[in-house]
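Take a look at the letters that make up each chain.
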Amino acid sequence: MAPTVVTVLRVTPWLLRCALVALTAGTAIETAYATDLADIKARGKAVVGTEAAYAPFEFIQDGKIVGYDKEVLDRIIADWGVTLEQIDVPFAGILAGLDQKKFDFIATALIMNPDRVVKYAFTLPVARGEVVFAQRKGSNKMKNGVDDLSGLVVGSITPPGGTAMVLNHHNDKLKESGKGAADILRFPSTPDTFLALANGQIDCLIQNDLVVQQAMQKQPDVFEIVGAVGDPFYIGWASRGDDTKLRDQISDEIRKLRDSGDLAALQEKWFGHKMAIPDSGYLPAGSK
Amino acid sequence: MDFDFSVVAFGLPILLRGLVNTVLFCVVALPAGLALGSAVALLRLSRRRIARLPAAAFVEIIRDTPFLVQAFLLFYGLPPFGIRLSAATAGILVLSVHSGAYFAEAIRGAILSVPKGQLEAARALGMPYLRGMRRIVFPQMLGYLLPALTNQIIGAIKDSAVLSVITAPELSMAAQMVLGESFSPVETYAMVSVLYWALIGAVSAGLMRLEKRLFRAAVVIPRTDTTRLPLSAIETTAS
Amino acid sequence: MPNSITVMLHAAPWLLRGAVVTLETSLLAIALGLPVGIGLAIAMRSRLRVVRAFVRVYISFARGTPLIIQIMLVFFVLPSLGLDLPRFAAGVLALSLNSGAYIAEMIRGGLTAIPKGQIEAARALSMRPALMWRHIILPQVLALILPPLTVEFTALLKGSALLAVIGIVELTRTGQQMVATTYKPLEIWLTVGIFYFVMCYALAALTRYLERTTQVYRTV
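A short tour of the structure in this document, coming up. (Residues numbered from 1 in each chain as written. Chains lettered and ligands numbered in written order. Predicted model: local features only at pLDDT ≥ 70, side-chain atom pairs only at ≥ 80, totals over all residues.)

1. Some details on the overall build of chain B
Of the regular secondary structure elements, chain B holds nine helices and zero strands. Shown N-terminal to C-terminal, the secondary structure of chain B runs as helices and strands in the order α-α-α-α-α-α-α-α-α. Scored against the burial criterion, the 239 residues of chain B give a buried share of 46%. (Helix = DSSP H or I, 4+ residues; strand = E, 2+ residues; numbered from the N terminus. Buried ≥ 20, exposed ≤ 12 C-beta atoms within 10 Å, placed from the backbone.)

2. Looking at the nonpolar core
Counting 225 residues, the largest nonpolar core has A:Val154, B:Ala71, C:Ile71 and C:Leu162 as its most contacted members. Here this core gathers at least three residues from each of two domains, domain 1 (29–128 + 235–271) and domain 2 (129–232) of chain A. Aside from chain neighbours lying at most four places away, what touches B:Ala71 is B:Val94, B:Val162, B:Leu163, B:Val165 and B:Ile166. (Core = buried A, V, L, I, M, F, W, Y, C linked by C-beta atoms within 7 Å. Domains from an automatic or database assignment. Contact = placed C-beta atoms within 7 Å.)

3. Remarks on the interface of chain C and chain B
Taken together, the 38 residues of chain C in the interface contact 34 residues of chain B. Broken down by secondary-structure element, the contributors of at least two residues to the side of chain C that touches chain B are helix 2 (49–64), helix 3 (67–77), helix 7 (146–159) and helix 9 (185–214) of chain C. Here the side of chain C that touches chain B gets twelve residues from one element, more than from any other, and that element is helix 9 of chain C. Classifying every residue of the side of chain C that touches chain B by side-chain character gives 28 nonpolar, seven polar and three charged. (Nonpolar A, V, L, I, M, F, W, Y, C, P; charged D, E, K, R; others polar.)

4. Points about unusual backbone geometry
Residue A:Ala55 is joined to A:Pro56 through a cis peptide bond whose omega torsion reads 0°. You can see A:Pro56 is positioned in the loop between strand 2 (53–54) and strand 3 (58–61). A positive phi is found at A:Asp221, a non-glycine position, where the angle reads about 65°. Here A:Asp221 is to be found in the loop between helix 8 (209–218) and strand 12 (223–240). In this structure, C:Tyr183 takes a positive phi of about 60° despite not being glycine. Along the chain, the position of C:Tyr183 falls in the loop between helix 8 (171–182) and helix 9. When the 20 C-beta atoms within 10 Å are taken as the criterion, C:Tyr183 is described as buried.

Dropping the structure here:
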């Protein structure tokens, strides 16, 4: 017994030292947060936040983050001549993480809805899509279309997910005429919603149509789109509200990719069609 | 760092509704867990292996896997077999089963601390096993049981926070909602922690008073052989 | 059925990687939790009421709020108060701060087993409190609480599952990623459960062995 105790006691300071080193090493990796490209280039590395659970924009395959946004990001990073450190954060934490300066900016598909654009600086769009409702193929739960949710269990991701906010507004409007949803389940991530829909735990879900198309490709004959809600919207990345300079620099890069045709090629690859990305007018009034 | 009280004004009603749900979940799940735990404890004390081993396996499996994984299994794993539970039902179920396993150990430890001679004497007088348990052992074991039980009940309340991950509409999920609309983690989590702290504090204080009242007149009989309670009986869902 | 087994076998290597991260976080957490617990236990006996009150409040908070909330607090709220840590460090810190409170209580219980006579003798020899702690009290107490410490380590292994919510890619988060790609929740979560069970059962066996070999009179 005594030798064991002595060993434990002798090992403890060493363990503490290891722990301290590990923690400080971890902290050292993410040093000063960058407010513009000059800072990033000076550091030699860009720290980017992503929620890698949103195929085909960003998702995990074989342990790595891949997807449309990732390829666009790779090209931008290569053009800047820095290395990339991409952090996969659950969506509930990604906007808060941006505020906390845990990353320089976030490269994850974000809908430019009115609540968000006043708080964060959105880049030039990288894609365009619609918010749609989807149900199990042949289940006919949404027989009255997207404007009647009565008796239905609807699934979405937790706020501040863009589609969740759209659902909230839509449902609030419907409740006035008595057509509100029976229940809304809020899942931590998008794959959970598709799983729940396939499992029959929810009757329908609300999501970006590009993401639904991808899910329909991966799992044929399971899902079908019921219809769109609201107008088509633009999807882009974001930096902190105050970092408009960085945002502009990122937008410049996206514009370069668009003008060279690279962006359209990637869109063909990941979505199957090209999208028109405008130069302006894509942000609602009052945005940063 | 300034504290934005408007978030409190906006968020507190939502959080309080979530708190009510948390309490409801526990009020349903905990008695169920106690019932399950008592049954499992008695099975573990049985002389027959066919009763003991499955019960022991059940307890070991539940205690050696995280609550979150059990919740995922119950909520996402069953539907392919046609069993579709709502988030609330699944949450209450996994909470009952999980705390049931821990209750079983606490109850078993408490029963074991009552001197064996008591039950033996009862049986020698012709009393059936279960009646002996109920009338002789049970009242004596309560004194040992209540502190361990308090720990488990508190553990269950803390576990309920994890249920937000399977969309159960309790306090932590309410926090996510408030966070999503306010973008203010400091104020939101400050409120949420205070609410849980207050709930657990109140429950713990209440149970301690109950303990004092029940055992006010209890005479502590000194023992010659201090029972070595198995440590496993004291282990809690310390999460 | 054979399809299920294939899914589980295919997922196993990835889950193993996640399990390694789980072990890393838990080991670091207990390594840091020990000094926190020791510090708290010593502070509990301070002559200053403020210090004692702080310790009581700290332990009450750590034991009276859910671990998942504490993890969120360290990751989302601490940065606003000045301490911005990367995910892994934040997760480990949350776990160690939580562990420290429980370890402090264990030490408090263990202290009662130290014969008073030893302390009196030390005082009679004018030993500084620091020396007393280092050479007399702590060695005995730490040996005493070895079994509960392994129990605490088991709790950390299970608690580390909650680190998935802040994105640390340990066993549970890896499981979530696998479910998202395979759409086979039952197989994946069963496999994840098996990994945790193997780790925790081994630890429980270690606890039982330590209890037997240390053979201490337990009043607590």
